[in-house]
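Listed below, chain by chain, are the residues.
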Amino acid sequence: MGAVEPDLYRDTWVRYLGYANEVGESFRPLVPVPVVWASYGVATAYVTADAIDKGRRAAAAHAQDPAQTTRVGVAVVDTFVWQSLASVAIPGFTINRLCAASLALLGTLTRWPLPLRRWATTALGLAAIPVIITPIDRTVDFLMDSSLRKLYGAPGEPPAPH
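The notes below deal with the structure included here.

So, how was this worked out
Residues numbered from 1 in each chain as written. Predicted model: local features only at pLDDT ≥ 70, side-chain atom pairs only at ≥ 80, totals over all residues. Heavy atoms only, no water. Helix = DSSP H or I, 4+ residues; strand = E, 2+ residues; numbered from the N terminus. Contact = heavy atoms within 4.5 Å. Buried < 20%, exposed > 50% of the residue type's maximum accessible area, 1.4 Å probe, protein only. Polar contact = N/O pair within 3.5 Å; in protein donor to acceptor, adjacent residues only side chain to side chain. Axes fitted to C-alpha atoms, helices over the stretch in contact; angles between N-to-C directions. Left-handed = near helix turned anticlockwise from the far one by under 90°. Nonpolar A, V, L, I, M, F, W, Y, C, P; charged D, E, K, R; others polar.

1. Some words on the environment of Arg118
Then, number 1: Residue position: Arg118 is located in helix 4 (residues 114–146).
Then, number 2: Measuring from C-alpha to C-alpha, the distance between Arg118 and Asp7 comes to 37 Å, with 111 residues separating the pair along the chain.
Then, number 3: What Arg118 contacts, discounting residues up to four positions off in sequence, is Pro29, Leu30 and Leu103.

Right, here's the structure in full:
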């Protein structure tokens, strides 16, 4: 048996590009807003590339299948929606709110100078990224399994006939 080819978007360093916006949100107190938005651009490019890759894989795997177009569409949509929620929207919002709250609390509870509060907030945001990843991924799995995936079954599978 041949070795399984690693998934470039899930099994290599490229996966970390999906976390770019969380890093950007962590640095929001220290960098201009366009830098934060650029981090969302990197994360969105990662999400889009992964969705396209999964579509290509589905097309290759189902080349002789009459439902190939449906399988490809399902693979692309499932990947894009999952990655958009789990890699961009939910973690970006979470880190944004965590950093905003911590900056406000440090301003209220300490007499630290503003630059120190900003760096402390950034450090907290960066430290939170590995902590939030798995719970968010599992939550998005549950949400997708409970909603969108019920429409078409397993990723890459065509909708069941009614």
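2. A closer look at the environment of Gln83
Then, number 1: Take Gln83: it is sitting in helix 3 (residues 68–109).
Then, number 2: For Gln83, a relative accessible area of 0% gives the class buried.
Then, number 3: Expressed as a C-alpha distance, the spacing of Gln83 and Thr44, which sit 39 residues apart in the sequence, is 8.9 Å.
Then, number 4: Not counting chain neighbours up to four residues away, the residues in contact with Gln83 comprise Arg10, Arg15, Tyr46, Val47, Asp50 and Val88.
Then, number 5: For Gln83, the side chain forms a polar contact with the side chain of Tyr46, separated by 3.3 Å.

3. Structural notes on the packing of helix 3 against helix 4
Then, number 1: Their axes nearest at 8 Å, the elements helix 3 and helix 4 cross at an angle of 145°. For the pair helix 3 and helix 4, the crossing hand works out as right-handed.
Then, number 2: Split by residue class, the contact of helix 3 with helix 4 holds 19 nonpolar, five polar and five charged.

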